[in-house]
Amino acid sequence: MNAADCLCSALALNCCQFAFLSQKKKSSPPRSIGSSSYPTNNNNDWMSKLDANKKLRDVVIPGTHNSASSTISKWALFSGVAACQNLTVHQQLNEGARYLDVRICGHKDDIVISHGIVKGGKLSDVVDEVEAFLCDNPKEFVIVEIKDETPMTSSQKYQVLHLIQSTFGERMITYTDLQTWFQLKQVTMGDIRRRQKNVLILIHNSFCFHRQGIEYDMNMVANEFACFHNSTLLHDKWHNTTNSSDLMHRNLTHLRHLSRYDRDYMICNQLVLTPQPPRNVFDTVRLLFGLKSLQPISLAKQLYQKEDVLHCFVRDRPGLHWNIVSLDFIDCCPRFINFLIEINSSRSNT
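Residues numbered from 1 in each chain as written. Predicted model: local features only at pLDDT ≥ 70, side-chain atom pairs only at ≥ 80, totals over all residues. Heavy atoms only, no water.

Visitor: Explain the packing of aromatic side chains to me, please; I cannot follow it from the model alone.
Guide: Geometrically, a pair of aromatic rings is defined through the distance of the ring centres and the angle of the planes. Under the definition given, this model contains 7 aromatic pairs. Here F313 and W322 contribute two aromatic rings whose centre-to-centre distance is 5.3 Å and whose plane-to-plane angle is 65°, an arrangement assigned as edge-to-face. Under the relative-accessibility criterion, F313 is labelled buried at 5%. Seen in terms of ring centroids, F336 and F339 are 6.1 Å apart; in terms of plane orientation they differ by 20°. Their pairing is stacked. (Phe/Tyr/Trp six-rings, centres within 6.5 Å; stacked < 30°, edge-to-face > 60°. Buried < 20%, exposed > 50% of the residue type's maximum accessible area, 1.4 Å probe, protein only.)

Visitor: Even after reading the chapter, I still don't get the pattern of salt bridges, so can you show me in this structure?
Guide: Note on pairing: side chains with opposite charge can pair once their charged atoms come close. Enumeration over the complete set of coordinates arrives at 12 salt bridges. With its nearest N and O atoms 2.7 Å apart, the salt bridge here joins D101 to R103. Using a relative accessible area of 1% as the deciding quantity, one classes D101 as buried. Across the salt bridge formed by D316 and R315, the nearest N and O atoms sit 3.0 Å from each other. Here the salt bridges share partners, and the residues they tie into one network are D101, R103, K147 and E149. (Salt bridge = Lys/Arg side-chain N within 4 Å of Asp/Glu carboxyl O.)

Visitor: In this structure, what is going on with helix α13 (residues 334–346)? I would like to understand it.
Guide: In an α-helix there are 3.6 residues to a turn, and that puts residues three or four apart on one side. Helix length check: α13, at 13 residues, gives a terminal C-alpha distance of 19 Å against a target of 18 Å (1.5 Å per residue), a fit within 8%. Buried residues of α13: P334, F336, I337, F339, L340, I341, I343 and N344, and no others. (Helix = DSSP H or I, 4+ residues; strand = E, 2+ residues; numbered from the N terminus. Expected span 1.5 Å × (residues − 1).)

Visitor: Please clarify how the nonpolar core should be interpreted in this entry.
Guide: It is characteristic of soluble globular proteins that their nonpolar side chains tend to be buried jointly. Of all hydrophobic cores here, the largest spans 59 residues; its most connected members are L56, F141, I143, F182, L200 and F336. Of all elements in the fold, only α7 (189–195), β6 (199–203), α9 (244–258), β11 (266–270), α11 (296–304), α12 (307–315), β12 (324–327) and α13 reach the threshold of two or more residues within this core. A per-element tally of this core places α13 first, with 6 residues. Beyond its immediate stretch of four places on either side in the chain, L200 contacts F141, V142, I143, V144, I173, F182, F228, L233 and M266. (Core = buried A, V, L, I, M, F, W, Y, C linked by side-chain atoms within 4.5 Å. Contact = heavy atoms within 4.5 Å.)

Visitor: Looking at this structure, I do not really get unusual backbone geometry. What am I missing?
Guide: Peptide bonds are mostly trans, and most non-glycine residues show a negative phi. Its identity as a non-glycine residue notwithstanding, F78 has a phi of 75°, on the positive side. Within the secondary structure, F78 sits in the loop between β1 (61–64) and α2 (79–82). Phi is positive for N323, which is not a glycine, with a value near 55°.

Visitor: Help me out: how do you make sense of helix α5 (residues 154–168) in this one?
Guide: Here α5 spans 22 Å end to end across 15 residues, near enough to the 21 Å set by a 1.5 Å rise per residue. For α5, the set of buried residues is Q156, K157, V160, L161, I164, T167 and F168. Buried positions in α5, seen along its axis, are confined to an arc of 140° and lie on one side of it. Facing away from the buried surface of α5 by more than 90 degrees, the exposed residues are S155 and S166. (Arc of directions from axis to C-beta.)

Visitor: Could you clarify how one ought to interpret the packing of helix α4 (residues 123–136) against α5 in this entry?
Guide: How two helices pack is summed up by the angle between their axes together with the distance between the axes. One way to put it is that α4 packs onto α5 with a least axis distance of 10 Å and a crossing angle of 20°. What the angle tells us is that α4 and α5 run roughly parallel. Between α4 and α5 the crossing geometry is right-handed. Together, L123, S124, V127, D128, V130, E131 and L134 of α4 and V160, L163, T167 and F168 of α5 make up the contact between the two elements. Considering only residue class, the contact of α4 with α5 consists of 7 nonpolar, 2 polar and 2 charged. (Axes fitted to C-alpha atoms, helices over the stretch in contact; angles between N-to-C directions. Parallel < 35°, antiparallel > 145°, perpendicular 65-115°, else oblique. Left-handed = near helix turned anticlockwise from the far one by under 90°. Nonpolar A, V, L, I, M, F, W, Y, C, P; charged D, E, K, R; others polar.)

Visitor: Which parts of the structure should I look at to understand the environment of G169?
Guide: Within the secondary structure layout, G169 lies in the loop between α5 and α6 (175–179). Spatially, the C-alpha atom of G169 lies 9.8 Å from that of K197, the residues being 28 residues apart in sequence.

Visitor: Can you help me understand the confidence of the model for the chain in this one?
Guide: Detailed reading of the predicted coordinates is not advisable wherever pLDDT falls low. Confidence in the prediction of the chain, expressed as mean pLDDT, is 86, and 84% of residues score 70 or more. Confidence over residues 1–10 falls short of pLDDT 50; this stretch has 11 contacts with residues more than four positions distant or in other chains. When the criterion is pLDDT under 50, residues 23–39 qualifies, and its contacts beyond four places in sequence or with other chains add up to 32 contacts. (pLDDT = per-residue confidence, 0-100.)

Visitor: Would you explain the side chain of Q92 in this entry?
Guide: Considering the arrangement of structural elements, one finds Q92 in helix α3 (residues 89–95). Leave out the neighbours within four places in its chain, and Q92 touches T64, S67, Q85, L87, A97, L100 and I330.

Visitor: Before we go on, may I ask you to explain the pairing of strand β3 (residues 110–115) in this structure?
Guide: Regular strands place their side chains on alternate faces of the sheet. Bridge analysis of strand β2 (residues 99–107) against β3 gives 4 bridges, and the strand direction is antiparallel. What sits directly across from I104, in β3, is I113. Hairpin connection, β2 to β3: the antiparallel pair is bridged by 2 residues, and K108 has positive phi, about 60°. Relative to strand β4 (residues 118–122), β3 is paired through 3 bridges, and the arrangement is antiparallel. Looking at β4, one finds that S114 is bridged to K119. Turn length for the β3-β4 hairpin, with the two strands adjacent in sequence and antiparallel, is 2 residues, and the turn residue G116 shows positive phi of about 65°. (Pairing = 2+ DSSP bridges.)

Structure below.
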């Protein structure tokens, strides 16, 4: 067998796996990875307990990467590679997540969840889960970033924007809000509660489109649909590494660089390890013998096995503004989620 054949075999063994093969038995749900197991978090209303004078920009916010990938069937081909969460979006919100990274694509006459070429459930169902959570917890604030994994038609883009606007309605931060009271340098949790606005929608510039003779650029989309270009409000960087130490170093470098600037942006710190394809024959052999994996769950195990490392990484750098911390498999690190939330009560208002 030559190197090319080995590569194909390795990819087949690791990619063409089903997510159900990496799940624990139902009698022992995956509450935590490692030697200890922790109880389920109940963080459905933690933001409502924050000081009213605390600025949104200074809140440490747990978030999830590829948030809706749990809608991908565990029996679907490549689902083991595509899945980055075990919990539904509603469950993630109850666990404490307030930033959601939702990847989508057009499929037939609908809009569905997507990670690469693997498709999941309907976007409408995910949006309804967020709305249901906010109905039950009106003093919480959720940031939803929507990314199209593959190009969509103008009709599909309009369908997405109309769905979001019709579902969230008056909950949404609007263009007028951004020009007036919702300034990230100064907006507080009290400001948000008083105005009963509790969802911010971010999108990418790929959502520009032409429809019925009208050119919808990002300003038009912001004005009409209250969906904003992510780069105007959020600094985010994908670090693309499989090494935990390298991941932390890259996050730290990025955060220190951004901390030099004024605070008119939120910052998303991605504590996420990314599987890498084989680069040589040695990598291929490791894949073949199970010493290397392309499944995100295997890297999450690596990152969360020594959960205290993550605690110390954040705790020992209190001068930096962590803001949003995005994670895979949020149910596998409940103690770290609690730790991030508790930071907000220990920090003084700035």
